[in-house]
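Topology and contacts: notes
Now for the letters of each chain:
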Amino acid sequence: MQARLIAFYLPQYHPIPENDEWWGKGFTEWTNVTKAKPLFSEHYQPHLPADLGFYDLRLSETRQAQADLAKEYGIYGFCYYHYWFNGKRLLERPFNDVLNSGKPDFPFCLCWANENWTRRWDGKEQNLLLKQVYSEEDDRLHMQWLAKAFSDRRYIKVDNKPLFLVYRATKLPNPKQTVKVWREEAKRLGVGEIFLCRVESFASEQDDPGLIGFDASVEFQPDWTQLGLPLQKGRLWHLARKLGLAHQAYGTHNIYEYSTVVKHMLAKPNPSYQRFPCVTPSWDNTARRQAGAIILQNSTPQVYESWLRTIVGRTLASNYSTEKIVFINAWNEWAEGNHLEPCQKWGHAYLEATRMALRDRKTDFTTSLSRETCLK
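Quick look at the structure, then. Along each chain, residue indices are assigned from 1 in the same order as the chain's sequence is written. The model is predicted, so local features are restricted to residues of pLDDT at least 70 and side-chain atom pairs to those at 80 or more, both for listing and for counting; the totals for chains, interfaces and linings are taken over all residues. Note that the side-chain values use all heavy atoms of the structure and ignore hydrogens as well as water.

Digging into the packing of helix α10 (residues 301-317) against helix α11 (residues 349-359)
Put simply, the test is: Fitting a line to C-alpha atoms yields each axis, with helices limited to the stretch in contact; the angle taken between N-to-C directions then spans 0 to 180 degrees. Strands are runs of DSSP state E lasting at least 2 residues, helices are runs of H or I lasting at least 4, and numbering of each runs from the N terminus. Put simply, angles under 35 degrees are roughly parallel, angles over 145 are roughly antiparallel, angles from 65 to 115 are roughly perpendicular, and the rest are oblique. By convention the crossing between two helices is left-handed if the near helix lies anticlockwise of the far one by an angle smaller than a right angle, and right-handed if it lies clockwise. Any two residues having at least one pair of non-hydrogen atoms within 4.5 Å are treated as being in contact. Basically, the charged four are Asp, Glu, Lys and Arg, the nonpolar ten are Ala, Val, Leu, Ile, Met, Phe, Trp, Tyr, Cys and Pro, and anything else, Gly included, counts as polar.
Closest axis-to-axis distance for the α10/α11 pair is 8 Å, and the angle between their directions is 30 degrees. Comparing the axis directions of α10 and α11 gives the class roughly parallel. The two elements α10 and α11 meet at a crossing, and its hand is right-handed. When α10 is examined against α11, the residues P301, Y304, E305, L308, R309 and V312 are found in contact with a partner set consisting of A349, Y350, A353, T354, M356, A357 and L358. In the contact of α10 with α11, the residues fall into 10 nonpolar, 1 polar and 2 charged.

Take a look at the structure:
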């Protein structure tokens, strides 16, 4: 048996009228990516694409190339972020084309990114661009649209039920009622049972999902509650501050050692409920944030591989669920420095590490990390 690896997938790589209005003509995720600059010695920025280039997701050839690459290196499917605002969808073109064309022939599921849209990227989070307004009528309308996706033969299922994620379940004013309406509507539409997962993106969302009617949770990485102390609190930060370089080097960003974060994540206790684990190859959202970004410094394919291998091994050994699923955050979050797609620095190294983690589970994280340290 092999674990199914599902990678989160961002569709914001094509212009839309709303982004033109809010951020400037022609804005896409690449706009932020190419503006990023290194903030200190050995800071890896900007993250620039290699094989696939600065692609446009309106092109079927691009979407096919992504799926081919993912499949080659062991990714089972994509989890597309889905933006729904009271019947209005944003960034819908790529997934619409995937659904309507039947191509690429590659498994997928959806994650409803149900946050308000604000000017968070330029530090003006109080400026509301598009608001979520919840209602029973909208819950029914939403499921009626989702049913079309759920009926696609490529749609990923858990226990033969379409898998649907909600990024911020606690934002729902009455999650139990929403879940009840969704399940009723799915049965009425002939979809049958659905498998609902809450994403554990924040501390308030890390309890039993069954309490609000969900079937399981999906771990989000990085887990902001388990990062430990920033490197700035240590000796190097105090030295930089003494030399008057601290603000110049780091601003108000927080920097963490990637391997230390991995240790924290692997030490997390097992929950009493079903939770699908997640790993991340790296994280650095300074491309999006001028202040308050989080940087996981010194990520390498070797440490990522050992983390993924350990998680895959634990997942396969677990008797908690017959579904052996591991999420990866993410396939193409370039402005968060968080991508499996090849970049100009690492090439295919993270993809190769993904494939090796699935094939060889003999080396545990501690052994691999020791080896990595010796090579430095």
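Notes on the nonpolar core
Put simply, the test is: In plain words, nonpolar cores are sets of buried Ala, Val, Leu, Ile, Met, Phe, Trp, Tyr and Cys residues tied together by side-chain atoms within 4.5 Å. When accessible area is computed with a 1.4 Å probe and restricted to protein chains, residues below 20% of their type maximum are described as buried, those above 50% as exposed, and intermediate ones as partly exposed.
The biggest cluster of nonpolar side chains holds 105 residues, and the ones touching the most others in it are L163, F164, L165, F327 and W331. Considering every element that reaches this core, the biggest residue donor is strand β2 (residues 77-85), with 7 residues. Not counting residues within four places of it along the chain, the set of residues in contact with F164 comprises H82, L110, W112, H142, L146, F150, Y155, W182, F195, L196 and C197.

Notes on the sheet that holds strand β15 (residues 294-297)
Stated precisely, the cut-off is as follows: At least two bridges found by DSSP between two strands are what make those strands a pair.
Spatially, β11-β15-β14 is the arrangement adopted by the 3 strands of the open sheet, whose pairing is mixed. In the strand order of this sheet, the two ends are held by β11 (254-257) and β14 (283-284), each with one partner. In terms of strand pairing, β14 meets β15 through 2 bridges, oriented antiparallel. Its bridge partner lying in β15, W283 is registered against L296.

Notes on the environment of N329
One can find N329 in the loop between β16 (325-328) and β17 (332-333). Its relative accessible area of 1% is what places N329 among the buried residues. Along the primary structure N329 and E219 are separated by 110 residues, whereas in three dimensions their C-alpha atoms are 9.9 Å apart. Discounting residues that sit within four places of it in the chain, N329 has contacts with F8, Y81, F220, Q221, C278, V279, T280, P281, W283 and N338.

Remarks on the pairing of strand β10 (residues 216-219)
Neither face of β10 is left uncovered, since the one carrying A216 and V218 and the one carrying S217 and E219 both have all their residues buried. The pairing of strand β9 (residues 195-200) with β10 spans 4 bridges and is parallel. Of the residues in β10, the one forming a bridge with C197 is A216. Alignment of β10 against strand β12 (residues 275-276), held across 2 bridges, turns out to be parallel. Each residue of the ladder has a partner; that of S217, found in β12, is R275.

Some thoughts on the environment of K187
In this fold, K187 is placed in helix α6 (residues 175-188). Separated by 40 residues in the primary sequence, K187 and A147 place their C-alpha atoms 9.8 Å from one another. Those residues in contact with K187 that lie beyond four places of it in its chain are G192 and E193.

As for helix α5 (residues 136-150)
Operational definition: Here the expected length of a helix is defined as 1.5 Å per residue gap, with one fewer gap than residues.
Here α5 is 15 residues long and its end C-alpha atoms lie 20 Å apart, about the 21 Å a rise of 1.5 Å per residue gives. Taken together, the buried positions of α5 are D138, D139, H142, M143, W145, L146, A147, A149 and F150.

Considering the environment of P15
The residue P15 is located in the loop between β1 (4-9) and α1 (17-23) in this model. With 78 residues separating them in the primary sequence, P15 and R93 have C-alpha atoms 10.0 Å apart. Other than its neighbours up to four places away in sequence, P15 contacts D20, G26, F27, T28, D56 and R58.

Describing the side chain of S217
Along the chain, S217 turns up in strand β10. Beyond its immediate chain neighbours, meaning those up to four positions away, S217 contacts C197, R198, E200, D207, P209, Y273, Q274, R275 and F276.

Comments concerning the pattern of salt bridges
Keep this limit in mind: Just to be clear on terms, a salt bridge is a Lys or Arg side-chain nitrogen sitting within 4 Å of an Asp or Glu carboxyl oxygen.
For the structure on display, the rule yields 26 salt bridges. Between E352 and R355 there is a salt bridge; the shortest N-O distance is 2.6 Å. Here E352 and its partner R355 are both found in helix α11, 3 residues apart, which amounts to about one turn of the helix. For R355, a relative accessible area of 18% corresponds to the buried category.

Description of the packing of helix α4 (residues 93-101) against α5
One way to put it is that α4 packs onto α5 with a least axis distance of 10 Å and a crossing angle of 50 degrees. It follows from the interaxial angle that α4 and α5 lie oblique. Contact residues: α4 offers F95, N96 and L99, while α5 offers W145, K148 and A149. In terms of residue class, the contact of α4 with α5 is built from 4 nonpolar, 1 polar and 1 charged.

Quick word on α4
Within α4, burial applies to P94, F95, D97, V98 and L99. The inward-facing, buried residues of α4 contact α3 (60-72), β2, β3 (88-90), β4 (108-112) and α5. G102 sits one or two positions beyond α4 and adopts a positive phi of about 80 degrees.

Some details on the packing of aromatic side chains
So the rule is basically this: Between 30 and 60 degrees the pair is tilted, below 30 it is stacked and above 60 it is edge-to-face, where a pair is any two Phe, Tyr or Trp rings, Trp via its six-membered ring, whose centres lie within 6.5 Å.
Tallied over the entire structure, the rule returns 34 aromatic pairs. Residues Y9 and Y80 carry aromatic rings whose centres are separated by 4.5 Å and whose planes lie at 55 degrees to one another, so their mutual orientation is tilted. Of this pair, Y9 sits in strand β1 while Y80 sits in strand β2, placing them 71 residues apart in sequence. Here Y9 falls in the buried class, since its relative accessible area comes to 1%. Between W30 and F54, the ring centres sit 5.1 Å apart and the planes meet at 85 degrees, which makes this aromatic pair edge-to-face. On the criterion of sequence distance, the pair formed by W30 in helix α2 (residues 29-35) and F54 in the loop between α2 and α3 is long-range, its members being 24 residues apart.

Taken by themselves, the reported measurements are silent on function.
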